[in-house]
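Analysis of the macromolecular model
So the chains spell out like this:
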There are 2 protein chains.
Amino acid sequence: MQSFTEENYLKIIYHLSETSNNVQTNAIAEQMQTKPASVTDMIKKLADKGFVDYIKYQGVTLTEKGKNAAIDIVRKHRLWEVFLVDKLNFKWDEVHDVAEELEHIKSVALIERLDEFLGFPKSDPHGDPIPDKNGRFAKTQFTKLIDLKIGDSGTITGVSQHSSAFLKHLEKLGLTLGKQIHINDVTDFDGSVEISVNGKQINISREVAKHILISNNGKN
Amino acid sequence: MQSFTEENYLKIIYHLSETSNNVQTNAIAEQMQTKPASVTDMIKKLADKGFVDYIKYQGVTLTEKGKNAAIDIVRKHRLWEVFLVDKLNFKWDEVHDVAEELEHIKSVALIERLDEFLGFPKSDPHGDPIPDKNGRFAKTQFTKLIDLKIGDSGTITGVSQHSSAFLKHLEKLGLTLGKQIHINDVTDFDGSVEISVNGKQINISREVAKHILISNNGKN
DNA sequence: AAAATTTTTTAGATTTACCTAAAAATAAAA
DNA sequence: TTTTATTTTTAGGTAAATCTAAAAAATTTT
């Protein structure tokens, strides 16, 4: 059984694995808000326990065991987020920190019953897929809004940033999950994007456009 | 803000305070499943932080601050128990350990919304009162079943033991909250008690009778 | 009231997850 | 291909919560 801290490391390594194959010490340190030296210590421990493969100076990759452990934590995190939003009326920008704590509660029965209570949801309030109890989930293929071309349209189905500030901003702009959008123009000067949503035209910054995920997008 | 461990100490000191005024080091050690030496260390820390009053060799008492902190944890524990039983269909003997973890989640909003979601329950699945958000709760006056006399009757409204083994045993005997009971006889030999419940006569050991709490009891 | 017992504390170590500072390895630039 | 910069690791140390063994205080027994 893993400690609270080990679980956080596994989860972060898992998320970093999604974009790069070998996860670097510095990247982990940044995410964990700790120092690289501390990361090296923990990596050795995780390697000893068989959660990661580790070659000095080469970064780490999760083993099958490590990946399963990480997916289990992600599952818990996302189920709790659904609980908070669906049952306790939290906003999507309020759930992250609390779920961050709840995800470490160790009880298989608890999570299975929670899953059932919530009606076996397939995605969390931010559009991220929820692994089932065997760790399986549909690999969703999103396009970042920033990568769409003028004339493209699609549906907002996810976000790649869970900070309260970002989500509140989206809310204010009316950019929530399920909304249909259309790309009208891209500004040369600052890369900001002119889009239609809710029958209105709005301008969003490049930074915002990078973190909005779109599906069902059709050319023109 | 207190650590996980500090919270557990406060909770245990609070519970021990209900029966004795000055809580002893050894008693805390036993409940915490640790050694007296460790307790002395922690007591000093809690005293420094103003949670307890402590005089060497004299045991501890909770300060107002300590008492409030403890009641807050008890509140969380009991609300989570209600959630587990009412919403997730846990049995009353399955909730203790999970609630023991959930009680440490730090979010005022979470607990207030959970309380509301559950309909502001006044007692938990074991009959213990749930403090409101200001820490207030009705001081219930129970009589232990063992203290009733032959001919007395009353209603089961609580238990003073939360172990799964004990609760499962009660369940099997049909001795659940709200049940009406009548004392028929007390065995001289072993102090076991002959009672009527559900229209049947059963015999319960002294040990069991000690941990069943009765209210509305009328003489004869 | 002295002796024996129990309770509590102190002293000194251990483990976990951190840290800083400095050394070593790797990658990038000149 | 050196030099420079970046990344990572090692070495040695800290704080929290625990431990064992032994000393000190309080309580109980005789």
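All values derive from a computational prediction rather than experimental measurement. (Residues numbered from 1 in each chain as written. Chains lettered and ligands numbered in written order. Predicted model: local features only at pLDDT ≥ 70, side-chain atom pairs only at ≥ 80, totals over all residues. Heavy atoms only, no water.)

1. A short note on the overall build of chain A
How we decide: Per the convention used, a helix needs a DSSP run of H or I reaching at least four residues, while a strand needs a run of E reaching at least two, with both numbered from the N terminus. Radius of gyration: C-alpha atoms only; globule rule: 2.2 Å multiplied by the number of residues to the exponent 0.38. Contacts between residues were defined by any pair of non-hydrogen atoms, one from each residue, lying within 4.5 Å. Note that accessible areas follow from Shrake-Rupley with a 1.4 Å probe, and for residues the cover is restricted to the protein chains shown. The positive count covers Lys and Arg only, the negative count covers Asp and Glu only, and His and the chain ends enter neither. A single reference atom marks each charge: NZ on Lys, CZ on Arg, CG on Asp, CD on Glu.
Across its full length, chain A carries eight helices and eight strands. Taken over the C-alpha trace, chain A has a radius of gyration of 19 Å; the compact-globule value for 220 residues is 17 Å, and the two agree within 12%. For the C-alpha atoms alone, the extent of chain A along its principal axes is close to 55 × 45 × 25 Å. Considering only intrachain contacts with a sequence separation of at least 6, the fraction spanning at least 24 residues in chain A is 61%. Here chain A has roughly 11600 Å² of accessible surface; of this, 48% comes from carbon and sulfur atoms. For chain A, the distance from the average site of its 28 positive side-chain charges to the average site of its 31 negative ones is 3 Å.

2. Here's the deal with the interface of chain A and chain B
Interface size is commonly expressed as the accessible surface area that is lost when the partners come together. Put simply, the test is: Summed over both partners, the accessible area (1.4 Å probe) lost when two parts come together is defined as the buried area. The salt bridge definition used is simple: a Lys or Arg side-chain nitrogen within 4 Å of an Asp or Glu carboxyl oxygen.
Taken together, the contact between chain A and chain B spans 20 residues of the former and 20 residues of the latter. For the pairing of chain A and chain B, the buried interface totals around 1600 Å² over both sides, and the portion due to carbon and sulfur atoms is 73%. Three residues, Leu88(A), Glu101(A) and Arg113(A), lead the burial of chain A against chain B; their summed loss comes to 32% of the area buried on that side. Seen at the junction of chain A and chain B, the total is two salt bridges. Of the charged contacts in the structure, one is a salt bridge between Glu94(A) and Arg113(B), with a shortest N-O distance of 3.6 Å.

3. Regarding the domain arrangement of chain A
What counts, and what does not: Domain borders in the structure are assigned automatically or taken from a domain database.
In terms of domains, chain A is made up of domain 1 (4–62) and domain 2 (143–218). The straight-line distance from the C-alpha centre of domain 1 of chain A to that of domain 2 of chain A is 32 Å.

4. Quick notes on the protein's contact with DNA strand D
Note the cut-off: We define proximity as follows: a residue is near a molecule or strand when any one of its heavy atoms falls within 4 Å of that partner. As used in this structure description, the phrase polar contact means that two N or O atoms lie within 3.5 Å; if the pair is within protein, one of them must be able to donate a hydrogen and the other to accept it, and residues adjacent in sequence are counted only when both atoms belong to side chains. Put simply, Ala, Val, Leu, Ile, Met, Phe, Trp, Tyr, Cys and Pro go in the nonpolar bin, Asp, Glu, Lys and Arg in the charged bin, and everything else, Gly too, in the polar bin.
Taken together, 21 residues lie near DNA strand D, and Lys44(A), Tyr54(A), Thr34(B), Ser38(B) and Lys45(B) sit nearest. Atoms of DNA strand D within 4 Å of the protein belong to the sugar or the phosphate in 76% of instances, the rest to bases. Separating a phosphate oxygen of DNA strand D from a backbone N or O atom of Asn26(A) is a distance of 2.7 Å. In this structure, a phosphate oxygen belonging to DNA strand D sits 3.1 Å away from a main-chain N or O atom of Lys35(B). Breaking the surface near DNA strand D down by element, the ones donating at least two residues are helix H2 (25–32) and helix H3 (36–48) of chain A together with helix H1 (4–17) and helix H3 (36–48) of chain B. Here the element with the most residues in the surface near DNA strand D is H3(B); it accounts for five residues. A breakdown of the residues in the surface near DNA strand D according to their chemical character gives eight nonpolar, eight polar and five charged.

5. Details of the relation of the copies chain A and chain B
The operation relating the pair of chain copies consists of a rotation about an axis and a translation along that axis. To be explicit about the condition: Least-squares superposition aligns the copies on the C-alpha atoms of those residues with pLDDT at or above 70 in both.
Here chain A sits on chain B after a turn of 180° about the axis and a move of 0.0 Å along it, with an RMSD of 0.0 Å. With respect to symmetry, the two chain copies, as superposed, fit the operation of a two-fold axis. In terms of C-alpha distance to the rotation axis, chain A has Leu102(A) as its closest residue, with the C-alpha 3.8 Å off the axis. Comparing interface residues between copies, 100% of those in chain A also lie at the interface in chain B; the contact surface is shared.

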